[in-house]
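The chain contents come next:
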Amino acid sequence: MVLRSNNYKQVLALVCALAAVAWFADSEGMFEFAKTIWRRTALKETALFHNIDAIQSFEEIEKIPYQDALMPRNLNILFFGDSVTRYQYLDLAYFLSQGKWNNRSERPNIVMELTHNGPLSSRFNNFFANTNAFLKPYEQCDCYRPGGLRQVKMVTENRYFYEEENNNTLTFMVKFEDWPWTSSWDVSTVYEDHGDMVTDRSEWKQIHKYNWVEAIEKFICKLEPKPSVMVFNAGLWAGHDLRNTTLQKDIIRSLKQCGITSVYKTTTKEMEAEDRELAEYESQLCSIADYCMDLTWTGLVPAGYYTDKFHFQPEMYSLFNMQLLSLLGELEFQDMNVKATK
């Protein structure tokens with residue numbers, strides 16, 4: 001990240017001086033004060049995510065130095081939703097396990113299902129197995145999808161990621177249309193080693209089938225550790241039920257009662273849509289959730305950043321995660337980090 005003005009140089013000098021004072025004086029309070037000033041300066045480049053309407057071009061987004069983001073600590077985020085939400089989870093899990101962001105040249109690619117070999121009847125199960133193997137030993141995957149696109153409503157895909165060194169926990173639970181969320185595992189065993197993944201339908205047993213609210217109250221709230229944040233969306237599927245205002249309120253109420261922060265993630269725009277409007281039901285969700293992760297700026301994204309009509313190249317998911325971490329106040333930058341040596 002480049003310091004672009006004398007004002008930044010002045011801030012740099014000030015923070016370095018304060019950090020030096022903290023080091024010599026062994027003053028934790030002074031060090032934290034210096035770090036706070038510096039962190040606010042570092043976040044300048046991601047501040048545009050907090051004023052989405054002001055973004056006029058994709059070039060403004062491209063300038064965000066996402067490759068310089070520091071490794072966060074103590075995250076506990078649950079992603080609940082469709083395939084775009086899955087790939088956002090996988091991208092963040094990649095970063096937390098590898099210490100760098102994914103890139104589009106990698107093959108097979110963790111966020112590009114079509115780069116995983118196999119006939120259509122088994123491609124998704126190959127994708128599940130390959131991505132889980134890549135994230136081992138951090139991820140347990142309760143994942144199975146019967147062959148063929150017509151069987152999508154029967155899919156189970158729940159991923160549980162824990163990285164001990166930085167105490168980062170991620171969860172992904174798939175939710176399509178108004179179909180029930182399903183699980184093959186009991187909530188008390190999700191972080192246990194379940195051995196080889198299911199590859200045959202005869203071995204696959206769904207023990208839970210829940211709607212949004214039931215999944216929150218009967219499963220998510222009982223996870224150990226319990227998620228701090230739930231990011232949710234199901235907008236790519238035309239038959240989803242999030243348009244129901246009663247359901248919207250019930251989801252938010254259930255999360256509040258469970259002590260989980262709600263983040264509604266707005267639906268990404270289709271390739272070449274050139275549309276930045278927010279659907280009425282999404283405006284309603286944004287107004288009642290604790291946070292709204294507004295992705296209407298994806299209406300500015302050039303076609304070259306898509307892999308198909310709905311899905312994106314890897315760097316886009318990294319930008320989504322930069323926006324999320326910035327929204328949650330968890331983002332710092334490599335060359336903006338001030339550390340005291342004691």
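Coordinates for the structure precede this section.
Residues numbered from 1 in each chain as written. Predicted model: local features only at pLDDT ≥ 70, side-chain atom pairs only at ≥ 80, totals over all residues. Heavy atoms only, no water.

Enquirer: Describe the overall build of the chain, listing the residues and the values that go with them.
Expert: Broken down by element type, the chain carries nine helices and nine strands. Relative to its full complement of 342 residues, the chain shows a buried share of 51%. Put simply, 70% of the contacts in the chain that link residues at least 6 apart link residues at least 24 apart. Looking at the chain as shown, the accessible area adds up to about 15700 Å², and 49% of this sits on carbon and sulfur atoms. (Helix = DSSP H or I, 4+ residues; strand = E, 2+ residues; numbered from the N terminus. Buried < 20%, exposed > 50% of the residue type's maximum accessible area, 1.4 Å probe, protein only. Contact = heavy atoms within 4.5 Å. Areas by Shrake-Rupley, 256 points an atom, 1.4 Å probe, with all protein chains shown as cover.)

Enquirer: So what's going on with the pattern of salt bridges? Which residues, and what values?
Expert: Per the stated rule, a full pass over the model turns up 10 salt bridges. For Arg-104, the salt bridge is made with Glu-315, and the minimal N-O distance between the two is 2.4 Å. Of this pair, Arg-104 sits in the loop between helix H4 (83-98) and helix H5 (120-135) while Glu-315 sits in helix H9 (residues 314-327), placing them 211 residues apart in sequence. Accessibility expressed as a relative area gives 34% for Arg-104, which makes it partly exposed. Taking the relative accessible area as the measure of exposure, Glu-315 reaches 14% and is therefore buried. Across the salt bridge formed by Asp-275 and Lys-269, the nearest N and O atoms sit 3.3 Å from each other. Shared partners join several salt bridges into a network, and the residues in it are Arg-86, Glu-139, Glu-157 and Arg-159. (Salt bridge = Lys/Arg side-chain N within 4 Å of Asp/Glu carboxyl O.)

Enquirer: Describe the state of the cysteines, with residues and values.
Expert: Covalently bonding the sulfur atom of one cysteine to the sulfur atom of another cysteine gives a disulfide. A full pass over the atoms with the stated rule returns three disulfides. Between the sulfur atoms of Cys-141 and its disulfide partner Cys-143 the distance amounts to 1.9 Å. Note on the Cys-141 and Cys-143 pair: the S-S dihedral is about -90 degrees, so by sign convention the disulfide is left-handed. For Cys-141, a relative accessible area of 6% corresponds to the buried category. (Disulfide = S-S within 2.5 Å.)

Enquirer: Just give me the short version of the layout of surface pockets, but keep the residues and values in it.
Expert: There is about 510 Å³ of room inside the largest pocket. As for the largest pocket, its lining consists of 21 residues, of which Ser-83, Glu-113, Phe-124, Asp-308 and His-311 are closest to the centre. Secondary structure elements with two or more residues in the lining of the largest pocket: H4 and H5. Classifying every residue of the lining of the largest pocket by side-chain character gives 12 nonpolar, four polar and five charged. (1 Å grid on protein atoms, 1.4 Å probe; cavity = no way out; pocket = protein on both sides within 12 Å on 5 of 7 lines; lining within 4 Å. Points joined across faces, edges and corners; volume = space filled by probe spheres on them. Nonpolar A, V, L, I, M, F, W, Y, C, P; charged D, E, K, R; others polar.)

Enquirer: Before we move on, could you go through the nonpolar core and cite the residues and values that matter?
Expert: Within soluble globular proteins, side chains that are nonpolar generally end up buried alongside one another. By size, the foremost hydrophobic cluster in this structure holds 59 residues, and its most contacted members are Ile-77, Phe-79, Leu-92, Leu-170, Trp-297, Met-316 and Phe-320. Of all the secondary structure elements, the ones that give two or more residues to this core are helix H3 (58-62), strand S1 (76-81), H4, H5, strand S2 (139-144), strand S4 (168-174), strand S7 (229-233) and H9. Of all the elements, H4 adds the most residues to this core, at nine residues. Not counting residues within four places of it along the chain, the set of residues in contact with Trp-297 comprises Phe-49, Ile-52, Ile-55, Phe-58, Ile-61, Arg-276, Met-316, Leu-319, Phe-320 and Gln-323. If you look at the next biggest cluster of nonpolar residues, it comprises 31 residues, including Tyr-160, Met-173, Ile-252 and Ile-260. (Core = buried A, V, L, I, M, F, W, Y, C linked by side-chain atoms within 4.5 Å.)

Enquirer: Could you give an account of the side chain of Arg-159, with specific residues and numbers?
Expert: Structurally, Arg-159 can be placed in strand S3 (residues 156-163). Classification of Arg-159 by relative accessible area gives buried; the value is 0%. Polar side-chain contacts of Arg-159 include one of 3.2 Å to the side chain of Glu-139. (Polar contact = N/O pair within 3.5 Å; in protein donor to acceptor, adjacent residues only side chain to side chain.)

Enquirer: Talk me through the packing of helix H7 (residues 245-258) against helix H8 (residues 280-288); I want residue IDs and the actual numbers.
Expert: One can describe the packing of H7 onto H8 by two numbers: an axis separation of 10 Å at closest approach and a directional angle of 25 degrees. With respect to each other, H7 and H8 are oriented roughly parallel. Here H7 runs over H8; the crossing is right-handed. When H7 is examined against H8, the residues Thr-245, Gln-248, Lys-249 and Ile-252 are found in contact with a partner set consisting of Tyr-281, Gln-284, Leu-285 and Ile-288. For the contact of H7 with H8, a count of residues per class yields four nonpolar, three polar and one charged. (Axes fitted to C-alpha atoms, helices over the stretch in contact; angles between N-to-C directions. Parallel < 35°, antiparallel > 145°, perpendicular 65-115°, else oblique. Left-handed = near helix turned anticlockwise from the far one by under 90°.)

All quantities given are derived from atomic positions and should not be read as evidence of function.
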